[in-house]
Structures are given as C-alpha cells and as structure tokens.
Amino acid sequence: MSVQNVLNTIKENSIMFVDFRFVDLSGHAHHITLPATEVDADTFVNGVAFDGSSIAGFRGIEESDMVMMPDTESSFIDPFTDHPTLNIMCNIHTPDGERYERDPRSIAQKAEEYLQTTGIGTQAFFAPESEFFIFDDVRYESKMNTSFYSVDSDEAAWNTARKEDNGNLGYKIGVKGGYVPVAPVDAQQDIRSEMVRIMQETGLRVERHHHEVATAGQAEINFRFDTLTKTADNLLKYKYIINNVARQWGKVATFMPKPLFGDNGSGMHVHSSIFNGDSPLFYEKGAYANLSQLALNYIGGILHHAPALIAITNPSTNSFKRLVPGYEAPVNLVFSKGNRSAAIRIPVAAVTPKGCRIEFRTPDSTANPYLAFAAMLLAGLDGIKRKLDPVALGYGPFDKNIYDLSDEDKKEIRSVPGTLDEALDALEADSEFLTEGGVFTQDFIDNFIALKRSEAKAVAIRIHPHEFSLYFDC
C-alpha cells in the first residue's frame, strides 16, 4: 500500500487518529497516537519521534531520541477504539536515519534480505500456531512477605464441586481432556468465533479454531502463512485481537507457556518453508516424508543450533516449565513425520508440494516473533550452507513415541536446555550463525542475553510458595 493509499484510507473512512506502533525486545507492542489531521505525506518520510530510553533494552538516557518509520503495508483499522483509528507498524531508526540495530522488526527484514543474497531461495514462509488460555479470573502478587498466583475458569476441572449462583451445570473439562469437544463441554465456541470474525475484518486469513487439550479454557486459532516479517506483524495483530476480545467479554487471555501445573502448556508451533520464486524447495516426492535434501539440511541446522536458538524462541523462565516430558512438550531434539514428541515434526496429512514444510514445535509465545522467525531462518540456512544432514548427525528420523523408549534408548537423544540460564549459556557459546549477513549484531546478542539473565535472576532469588510446603517445618 502506497503512502497515498494510506492517506486515502484515512479520508474515506473518516479516520480521526493514526496509531504508530513498534515492538520491543520482548515482543510487546508500544504506540504513539497522532490526530489524523497531523498526518500527511511528510510523516512517512520524517517518521514519529519517541524516547528510546524508556524501553527496556533499547538506549540510555544520554542518547534516547529515536524515530518510528511507518510501514504502510502493515496498516489496518483498529476494531476496538471508540474513535476511528488506523494502526501502522513501524521500524525504528536512529535520528541520523539509520536502521536501529536493536529493532526486532528491522532484524526480521534483514533476515529476509540475507536469504535473497544466499542464492538459496527468494522467500521464507512462516505460520505459527500460538496457543492461549482464556480465564475468568487471574490474581497474583509478589512482595517481600507474599507470593502467590490464582487463576480460575468456569470450565476448569477443579470446579466440579463449586457452588454457583445458578447452580453448577457440570460439563467441566478434565485434565488433558479438552481437545476439540463440542458444546456444552466446549463453552468458548462463541468467544473464539468473535475473535475470528474480527481477525477477518482486519485482514487476517483464518483457517480454523478449536479448543485445545488442557482444561480451563485452552484454545487455538490458526491463521494463514505469509512471509517472515508479515507473519510476525500478523501475530502481533492476532494477540492484540485475542486480548481485547477476551476483555470485552469479561475474561482475560494469556499466552503464558505454563500457567497451570499438571496440564498441557501453550506452545507456538512454527511451520516454515523456503521458495525460489513460485517453486517450493522443501518437496521431493517419494523421499522420507517427501522432504528434499535441502529441507533435511534446513532441519539439521535448526536441530544443531537448537540449544542456542531456544534462548530466542523460548526466552522466559516459564518456558521451561512447559518443556518437560509428559505434556506433549517437544523436549527431544529429533525430527519425525507426524510425531508430536519430536522437536521437529513433518506434517504429512493432505500436504501438497507447495504445502510441504517443517514444524518446529519447541517455541512458545513469550518469544518475540520477529527475532524467533529470523533466528530460525538463519539456523536453517546455516544447515543448508554446511550441508548438515540430520540423519547422519543422529537427529532421526524417530517415528516412535520417544516418551515410551527405554532409558537406554533415550541416551543418544539430545534434549532441550533445562532452564533459561542453560539456553543463554548455549547462545553465548553458539551465536555466529545469527550474525551472518549482519542480521543480528554481537551488540544485540550481548544485550539480549543480559536482559534475559536479569529476568532469570529476578525469579531465582524470590521465594516460591511451594518452598513453604517443603521446608517450613524443617
């Protein structure tokens, strides 16, 4: 969409405000709103100024001036504001006009540009399956003398005996019992459908929605794949819509990987493939799972770099509460067709040559999608360049349920890091693949590690409520 088309949209839809947005290192969107009367063609040349020192991990107070440069292709009319508002995603530039090296969206674009310089392909496509919970109540507190959290849901397994004003009507979802039941067990059909309706209204192509495995309102809505940066933009729009619709319905949504102990967590399984023009590069009929050698090398790169990659695709302490065996969590660094216990699954049902892809199941939605997709692409490209064969390297294929293997058989299977600190250690030791083509800078990587280590330390030094159960009477 051209600048003129954006200005026409403002005029034709009686837009009163234009909301300029950017994303921080953790993947949270921030915004500054201008009256539409103050937006003209020059706005898209000069950008919108903001204070970078107020954003964690960006700039110090002595060099705080930053500029948002709008991307007209990302614009959509906000479905929630009382006053007609047009939302536009921006890249971050320094005052001298250079792309800011710590801007996640610019990093995603540089990854796409780097792919084209390799001669391997022209476009990489991504499709995340971002799971979430819809709760009816959430409360938490962390102080020097108090630490607790409490979530609740009308459909939760723990509420079968709860006394309710109009009577307990039953139909609670059991632990691990929530995968695609119909109403009245699935009580959230209408709220998910409303989320989908608004997503479609804002330009997202939604493929399906359903209840997920866990009790207490776990859900999934799938939108169609697109190129790397566009998919990351779409994921931010997706989360924005889900959070706001939930709030309108008097509920709250969370993409936290493990909000419940003892049931499945929420992942963000990421499908990806590479094309050269209109030609898919991952398909070879008759090969294992119809995968080309190039696709296998891409898998080899992701699995080889996985411990470091996971610091970016699973960048929270809570991520590693999900990455434990027994809850369909992909903790095993192997690949397989159709096997959900593997870190990389190759979808094989109803797949066409253009639909041939790999599914990296380890990531979760605490990841910044611009960084996660860029890092995945760089790991895969490194595997292609170095011809890393996942079969020769012992990464599979494993077509058995790995959880059922004997301890002896499991010895040769690498697992994901056990903590965020372990993943950050791996990233410190293995980051060169990220700096290829100048996509990530060493400054960015060092800054990211420092930011995430501070989060890990903040959790580690605090007293956990379960410690009272274990040690209070020692």
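Residues numbered from 1 in each chain as written. Predicted model: local features only at pLDDT ≥ 70, side-chain atom pairs only at ≥ 80, totals over all residues. Heavy atoms only, no water.

## A word on the layout of surface pockets
- Of the volumes computed, that of the second largest pocket is approximately 990 Å³.
- Around the second largest pocket, the lining is made up of 45 residues, and of these Glu 129, Arg 208, His 271, Arg 345 and Arg 357 lie nearest the centre.
- Those elements giving two or more residues to the lining of the second largest pocket turn out to be strand 7 (123-135), strand 10 (206-211), strand 11 (218-223) and strand 14 (268-276).
- At 7 residues, strand 7 tops the list of elements feeding residues into the lining of the second largest pocket.
- Tallied by class, residues from the lining of the second largest pocket come to 16 nonpolar, 13 polar and 16 charged. (1 Å grid on protein atoms, 1.4 Å probe; cavity = no way out; pocket = protein on both sides within 12 Å on 5 of 7 lines; lining within 4 Å. Points joined across faces, edges and corners; volume = space filled by probe spheres on them. Helix = DSSP H or I, 4+ residues; strand = E, 2+ residues; numbered from the N terminus. Nonpolar A, V, L, I, M, F, W, Y, C, P; charged D, E, K, R; others polar.)

## Here's the deal with the environment of Ala 295
- Along the chain, Ala 295 turns up in helix 6 (residues 293-304).
- Once the C-alpha coordinates of Ala 295 and Tyr 283 are considered, the two residues, 12 residues apart in sequence, prove to be 7.7 Å apart.

## Overview of the side chain of Arg 361
- Along the chain, the position of Arg 361 falls in the loop between strand 18 (358-360) and helix 9 (369-385).
- Take Arg 361: its relative accessible area is 3%, and that puts it in the buried class.
- In this structure the side chain of Arg 361 is engaged in a polar contact, spanning 3.4 Å, whose partner is the side chain of His 269.
- A polar side-chain atom of Arg 361 sits 2.9 Å from a polar atom in the side chain of Glu 359. (Buried < 20%, exposed > 50% of the residue type's maximum accessible area, 1.4 Å probe, protein only. Polar contact = N/O pair within 3.5 Å; in protein donor to acceptor, adjacent residues only side chain to side chain.)

## What about the packing of helix 3 (residues 104-118) against helix 5 (residues 228-248)?
- Helix 5 packs onto helix 3 with a crossing angle of 150° between their chain directions and a minimal axis gap of 8 Å. By the angle between their axes, helix 3 is roughly antiparallel relative to helix 5. Along its contact with helix 3, which presents Arg 105, Ala 108, Gln 109, Ala 111 and Glu 112, the element helix 5 presents Leu 228, Thr 229 and Asp 233.
- Its residues assigned to classes, the contact of helix 3 with helix 5 comprises 3 nonpolar, 2 polar and 3 charged. (Axes fitted to C-alpha atoms, helices over the stretch in contact; angles between N-to-C directions. Parallel < 35°, antiparallel > 145°, perpendicular 65-115°, else oblique. Contact = heavy atoms within 4.5 Å.)

## Digging into the domain arrangement of the chain
- Along its sequence, the chain is organised into domain 1 (3-100) and domain 2 (123-468).
- For domain 1 and domain 2, the distance between their C-alpha centres works out to 29 Å.
- Listed by partner, the interface residues are 17 residues for domain 1 and 20 residues for domain 2.
- Considering only the surface of domain 1 that becomes buried against domain 2, Leu 25, Phe 76 and Phe 80 emerge as the three largest contributors, covering 44% of it.
- The interface formed by domain 1 and domain 2 contains 0 salt bridges.
- Among the residues forming the side of domain 1 that touches domain 2, the class breakdown is 9 nonpolar, 5 polar and 3 charged. (Domains from an automatic or database assignment. Buried area = accessible area lost by both parts, 1.4 Å probe. Salt bridge = Lys/Arg side-chain N within 4 Å of Asp/Glu carboxyl O.)

## Here we look at unusual backbone geometry
- Of note, the bond from Ala 183 into Pro 184 is cis; its omega dihedral lies within 30 degrees of zero at 5°.
- Inspection of the secondary structure assignment puts Pro 184 in the loop between strand 9 (147-152) and helix 4 (189-201).
- At the junction of Gly 396 and Pro 397, the peptide bond is cis and its omega measures out at 5° in the coordinates.
- Here Pro 397 lies in the loop between helix 9 and helix 10 (407-410).
- Non-glycine residue Ser 14 carries a positive phi angle of around 50°.
- Checked against the element boundaries, Ser 14 lands in the loop between helix 1 (3-12) and strand 1 (17-23).
- On the accessibility criterion, Ser 14 (53% relative accessible area) is exposed.
- Of note in the backbone geometry, Ala 289 takes a positive phi value of approximately 55° without being a glycine.
- As for its placement among the helices and strands, Ala 289 is situated in the loop between strand 15 (279-280) and helix 6.
- Residue class for Ala 289 comes out buried when judged on its relative accessible area of 13%.

## Section: the UniProt feature "binding site: ATP" (unreviewed entry) in the chain
- In the numbering used here, UniProt assigns the feature "binding site: ATP" (unreviewed entry) to Glu 207, Phe 223, Arg 224, Phe 225, His 271, Ser 272, Ser 273, Arg 340 and Lys 354. Of the annotated positions mentioned, Glu 207, Phe 223, Arg 224, Phe 225, His 271, Ser 272, Ser 273, Arg 340 and Lys 354 line the second largest pocket.
- Residue position: Arg 340 is located in the loop between strand 16 (332-337) and strand 17 (342-346).
- Tracing the chain through its elements places Lys 354 in the loop between strand 17 and strand 18.
- The class for Lys 354 is exposed, based on a relative accessible area of 51%.
- Once residues within four sequence positions are removed from consideration, Lys 354 is found in contact with Phe 275, Asp 278 and Pro 280. (UniProt positions renumbered as here; feature names shortened; annotations may be inferred.)

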